[in-house]
Amino acid sequence: MTSRVPVITIDGLSASGKGTVATSVSLKLGWNLLDSGLLYRVVAFLVAEYELQYEDEKAIAELVERKVRIQYSTTGIQASSLKESRELRDSVMVVSDSLHRKTVQWNGEDVTSIVRGNDISRGAAVVAASRTIRAVLIPKQRDQRVEPGLVADGRDMGTVIFPDAQLKIFLQASLETRTRRRMAQLGAADTHASFRRVFQSLKDRDERDSLREVAPAIPATDAIRLDSSELSVDETVAIVMREARDRNIIEG
Ligand code: C5P
């Protein structure tokens, strides 16, 4: 890989805060942002839409090849252009606005909340264990490396997708902290039962993601491990920015 476009990778387990930190860093730098987890979610969404079996990896990979597009736009895709273009209408579009908020559109409909939901989280972790499916997503992710730079958020950004990244962060936080964060994100009731439920689903996903054979969620050997359990988002972002300045990736 010879690309000189700078990349900062922010990997970590579910609800480690990497999405929030990656978004903030990318906005501060004015760089592109790749939310790779969203792609695995989109695949799980397609599996459900087309009623495919998770074992049918080849059919899923083919579908992904044909249907998944990532588009960056300050205004979003207009409903009118979706109506006009059969090609767009027939694709799952991941669209990002100028604040790096992503929406997922399918057949002219906004399906973002379904794709971000809990059912799809489980499906995403299943499809993510497939080597065949991961392979078709590799070019779609590397294509996002464009000037002036990219912040890439995921599980294998530093190990597999951008092994030559200029700065690699592996964000950690205790399972308890991550459970609290996910509960807040989901707007879940503050009860013991809901804590147990979210705790268990994160634990299951941690195991699936970090023990799988292909692209496990583990830190790259040259990654900085950053524990954010006791840090605010601003403090975590400040550390990432300082590391980027120390490496002369950014000026300042
Ligand atoms: O980050 P998010 O929770 O949206 O990711 C959903 C799932 O996608 C993860 O649980 C993981 O199984 C998978 N994933 C992955 N590699 C990435 C990003 C996400 O395997 N780079």
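Attention in this report is confined to the structure presented alongside it. Owing to the predicted nature of the structure, the values given are computational and were not obtained by experimental measurement.

**Brief notes about the pairing of strand 7 (residues 150-154)**
Then, in step 1: Along strand 7, five of the five residues are buried, which leaves the element largely enclosed by surrounding structure.
Then, in step 2: Along strand 7, one buried face is formed by L150, A152 and G154 and the opposite face, lined by V151 and D153, is buried too.
Then, in step 3: Examined bridge by bridge, strand 1 (residues 7-12) and strand 7 share five bridges and lie parallel to one another. Among the inter-strand pairings, V7 is bridged to a residue of strand 7, identified as L150.
Then, in step 4: Here strand 2 (residues 32-35) runs beside strand 7; their pairing, made up of four bridges, is parallel. Within the sheet, the bridge partner assigned to L34 lies in strand 7 and is A152.

**Here's the deal with the side chain of T9**
Then, in step 1: With respect to the secondary-structure elements, T9 resides in strand 1.
Then, in step 2: Given the relative accessible area of 0%, T9 is considered buried.

**Here's the deal with the environment of L99**
Then, in step 1: Mapping L99 onto the fold places it in the loop between strand 4 (92-96) and strand 5 (102-106).
Then, in step 2: Separated by 55 residues in the primary sequence, L99 and A44 place their C-alpha atoms 25 Å from one another.
Then, in step 3: Not counting residues within four places of it along the chain, the set of residues in contact with L99 comprises T23 and L27.

**Let's talk about the environment of K203**
Then, in step 1: Following the sequence through the fold, K203 ends up in helix 11 (residues 192-211).
Then, in step 2: Along the sequence, K203 and K140 sit 63 residues apart, while their C-alpha atoms lie 29 Å from each other.

**Details of the site of the ligand**
Then, in step 1: The environment of the ligand is made up of 16 residues, and the closest members are R41, D156, R205, D209 and R212.
Then, in step 2: Here an oxygen atom of the ligand and a side-chain polar atom of D209 are 2.6 Å apart.
Then, in step 3: Between an oxygen atom of the ligand and a side-chain N or O atom of R212, the distance comes to 2.8 Å.
Then, in step 4: Protein contacts shield 96% of the accessible area of the ligand, which totals 450 Å² for the unbound molecule.
Then, in step 5: Tallied by class, residues from the shell around the ligand come to five nonpolar, three polar and eight charged.

**Side note on the packing of helix 2 (residues 36-49) against helix 3 (residues 57-67)**
Then, in step 1: It is the contact of helix 2 with helix 3, at a shortest axis distance of 10 Å, that shows an interaxial angle of 110°. Between helix 2 and helix 3, the angle is such that the two are roughly perpendicular. Relative to helix 3, helix 2 is oriented so that their crossing is right-handed. From helix 2, V43, L46 and V47 reach across to helix 3, where they touch I60, L63, V64 and K67.
Then, in step 2: Each residue belonging to the contact of helix 2 with helix 3 can be placed in one class, and the counts come to six nonpolar, no polar and one charged.

**Observations regarding the pattern of salt bridges**
Close approach of charged atoms allows side chains of opposite charge to pair.
Then, in step 1: What the rule picks out here adds up to 15 salt bridges.
Then, in step 2: D153 serves as the salt-bridge partner of K18, at 3.5 Å between the closest nitrogen and oxygen. In this pair, K18 is assigned in helix 1 (residues 18-29) and D153 in strand 7, connecting sequence segments 135 residues apart.
Then, in step 3: What makes K18 buried here is its relative accessible area of 9%.
Then, in step 4: The exposure class of D153 is buried, given its relative accessible area of 5%.
Then, in step 5: The partner of D156 in a salt bridge is R134, and the shortest N-O contact between them spans 2.9 Å. Of this pair, D156 sits in the loop between strand 7 and helix 9 (157-161) while R134 sits in helix 8 (residues 131-142), and the two are 22 residues apart along the sequence. There is no split in this pair, since D156 and R134 are both buried.

**Re the packing of helix 3 against helix 8**
Then, in step 1: The N-to-C vectors of helix 3 and helix 8 enclose an angle of 15°; their axes lie 8 Å apart at closest approach. By the angle between their axes, helix 3 is roughly parallel relative to helix 8. Every pair of crossing elements has a handedness; the one defined by helix 3 and helix 8 is right-handed. Packed against helix 3, whose contacting residues are E57, I60, A61, V64 and E65, the element helix 8 presents T132, I133, V136, L137 and K140 at the interface.
Then, in step 2: When grouped by side-chain class, the residues that make up the contact of helix 3 with helix 8 number six nonpolar, one polar and three charged.

**Comments concerning helix 3**
Then, in step 1: Of all the residues in helix 3, the buried ones are I60, A61, L63, V64 and K67. The buried side chains of helix 3 occupy one side of the element, clustering within an arc of 160° when seen end-on. Relative to its buried face, helix 3 has exposed residues pointing more than 90 degrees away, namely K58 and R66.

Parameters at a glance
- Residues numbered from 1 in each chain as written.
- Predicted model: local features only at pLDDT ≥ 70, side-chain atom pairs only at ≥ 80, totals over all residues.
- Heavy atoms only, no water.
- Buried < 20%, exposed > 50% of the residue type's maximum accessible area, 1.4 Å probe, protein only.
- Helix = DSSP H or I, 4+ residues; strand = E, 2+ residues; numbered from the N terminus.
- Pairing = 2+ DSSP bridges.
- Contact = heavy atoms within 4.5 Å.
- Near = heavy atom within 4 Å.
- Polar contact = N/O pair within 3.5 Å; in protein donor to acceptor, adjacent residues only side chain to side chain.
- Areas by Shrake-Rupley, 256 points an atom, 1.4 Å probe, with all protein chains shown as cover.
- Nonpolar A, V, L, I, M, F, W, Y, C, P; charged D, E, K, R; others polar.
- Axes fitted to C-alpha atoms, helices over the stretch in contact; angles between N-to-C directions.
- Parallel < 35°, antiparallel > 145°, perpendicular 65-115°, else oblique.
- Left-handed = near helix turned anticlockwise from the far one by under 90°.
- Salt bridge = Lys/Arg side-chain N within 4 Å of Asp/Glu carboxyl O.
- Arc of directions from axis to C-beta.

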